[in-house]
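Close look at the chain arrangement
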Amino acid sequence: MAPKLYTQDMSPTCRSVYLTAAALDLKLELITVDVWKNQQFSKSFLEINPTHTIPTLDDDGTIVWDSNAINIYLVSKYGKDDSLYPNDINIRAVINQRLFYNANVIFHLAKSLILKTAKRKPFDKDDVTEIRKIYEVIEKFLETTTWMGCDTVTIVDFAIFSFVLFLVTCEPLDSIVFPRVSKWVQKMKNLPYFYVMKKGMQDIETFTNERLNIKSEPMIFDELPLKEKEVTNLTDFYDNNVPSTSWEGNDDILPRSKWELPFKTYIAKDFIKKRTVTEKEFGTISTD
Ligand SMILES: N[C@@H](CCC(=O)N[C@@H](CS)C(=O)NCC(=O)O)C(=O)O
């Protein structure tokens, strides 16, 4: 039975688990908990996670919450080897250090930016400074390792990448100023399982555009590596590729889909877009 993941695609913490599962070639059953509708406070969800956060994993009754704890659990249980979270004490120390930096610093900044967007508030100079500070720190990380934690891809790449993909929609990454981070983002996007990020990125784009009244063209996809099917937008891709499943649990947690791996790989063109936020773009600003 596939482990169940309570999730919402646009959440960076959830998407880091998607990357781990995809890297492990592990199927997950995804159950959407819409935090914008406060479904995380439903009685049934609070019973399994009193901290009311997603992602939350239910692996045949073993409940794990917190994305890092989930990623470590999945690699320990389902990994064919330790490559995604190496046992070597020195390597692991660096990985842990960067995982905690992500959890303690990057997560909180991203959360404040998402909440600002939800309230249709503009970003200010301090937000941009904080984002750039993060780019500077991870540029430093990459002076000592070729991937984010060591010289192979690990769960800290998944954790930080999920947030960086969001941050670049707020403040673009300058490849001249941050060459190592830019190269690493490209390497991450070239991973065969990068496609698991796309639905969430599209949701973020829709969420942002709706709140900022921005009209954008649908994203266009390059298909890799096989030219088997025309895919012009993510909604079609997911409608055609993600089978729905019936949910027999509590009604207050909505079913969404079953994660079937592996899918074909698609790379989005112009996936990372610059978002310019000015007071003018907000139209009537609502604070609720
Ligand atoms: N440290 C946790 C943070 C998880 C978290 O706060 N997730 C957000 C969505 S990105 C959430 O569930 N928010 C709803 C809430 O806190 O009630 C992790 O890495 O999983």
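Residues numbered from 1 in each chain as written. Predicted model: local features only at pLDDT ≥ 70, side-chain atom pairs only at ≥ 80, totals over all residues.

Note the threshold: UniProt positions are given in the numbering used here, feature names are shortened, and annotations may be inferred rather than shown by experiment.
An unreviewed UniProt entry lists the protein chain under the name Glutathione S-transferase, from Aquatica leii. Here the protein chain is described in UniProt, under the heading Subunit (unreviewed entry), as follows: "Homodimer."

Considering the pairing of strand β4 (residues 62-65)
What counts here: Following DSSP output, two strands are said to pair if at least two bridges run between them. Strands here mean DSSP runs of E at least two residues long; helices mean DSSP runs of H or I at least four residues long; both are numbered from the N terminus.
Summarising the sheet, strand β3 (residues 56-59) and β4 pair through four bridges and their orientation is antiparallel. For L57, the partnering residue across the bridge sits in β4 and is V64. Linking β3 back to β4 in an antiparallel pair, the connection comprises two residues, with D60 at a positive phi of about 50°.

Remarks on the nonpolar core
The condition that has to hold: Put simply, a nonpolar core is buried Ala, Val, Leu, Ile, Met, Phe, Trp, Tyr and Cys residues tied into one set by C-beta atoms within 7 Å. Three classes are used. A residue is buried when 20 or more other C-beta atoms lie within 10 Å of its own, exposed when 12 or fewer do, and partly exposed in between, with C-beta atoms placed from the backbone. By the convention adopted here, residues make contact when the C-beta atoms placed from their backbones lie within 7 Å.
One finds I160 and L167 to be the most contacted residues of the largest nonpolar core, which totals 57 residues. For this core, the leading source of residues is helix α6 (residues 155-170), giving 13 residues. For I160, the contacting residues outside a window of four places in its chain are R98, N102, I106, I138 and M148.

With respect to helix α1 (residues 12-24)
This is how it is decided: Multiplying one less than the number of residues by 1.5 Å gives the expected span of a helix.
Compared with the 18 Å implied by 1.5 Å per residue over 13 residues, the 19 Å span of α1 between its first and last C-alpha is a close match. Among all positions of α1, only P12, T13, C14, R15, S16, V17, Y18, L19, T20, A21, A22 and A23 are buried. Positive backbone phi, at 60°, marks D25, one or two positions downstream of α1.

A short note on the pairing of β3
Across three bridges, strand β1 (residues 4-7) lies against β3 in antiparallel orientation. Looking across to β3, one finds that K4 is bridged to D58.

Some points on the packing of helix α4 (residues 89-118) against helix α5 (residues 125-144)
Definition in use: Lines are fitted to the C-alpha atoms to define the axes, a helix being fitted only along its stretch in contact, and any angle between axes, read from their N-to-C directions, falls within 0 to 180 degrees. An angle below 35 degrees is read as roughly parallel, one above 145 as roughly antiparallel, one from 65 to 115 as roughly perpendicular, and any other as oblique. Helix crossings are classified by the rotation of the near helix relative to the far one: an anticlockwise turn of less than a right angle makes the crossing left-handed, while a clockwise turn makes it right-handed. Gly counts as polar in this scheme, as do all residues outside two lists: the nonpolar Ala, Val, Leu, Ile, Met, Phe, Trp, Tyr, Cys and Pro, and the charged Asp, Glu, Lys and Arg.
Interaxial distance between α4 and α5 falls to 11 Å at its minimum, and their mutual angle equals 160°. Considering the angle they form, α4 stands roughly antiparallel to α5. In this structure, α4 meets α5 at a crossing whose hand is left-handed. Contacts from R98, V105, I106, L109 and L113 of α4 reach α5 at D127, E130, I131, I134 and F141. In terms of residue class, the contact of α4 with α5 is built from seven nonpolar, no polar and three charged.

Thoughts on the environment of L167
As for its position among the elements, L167 is in helix α6. Residues contacting L167, with those up to four places away along its chain left out, are A110, I131 and I134.

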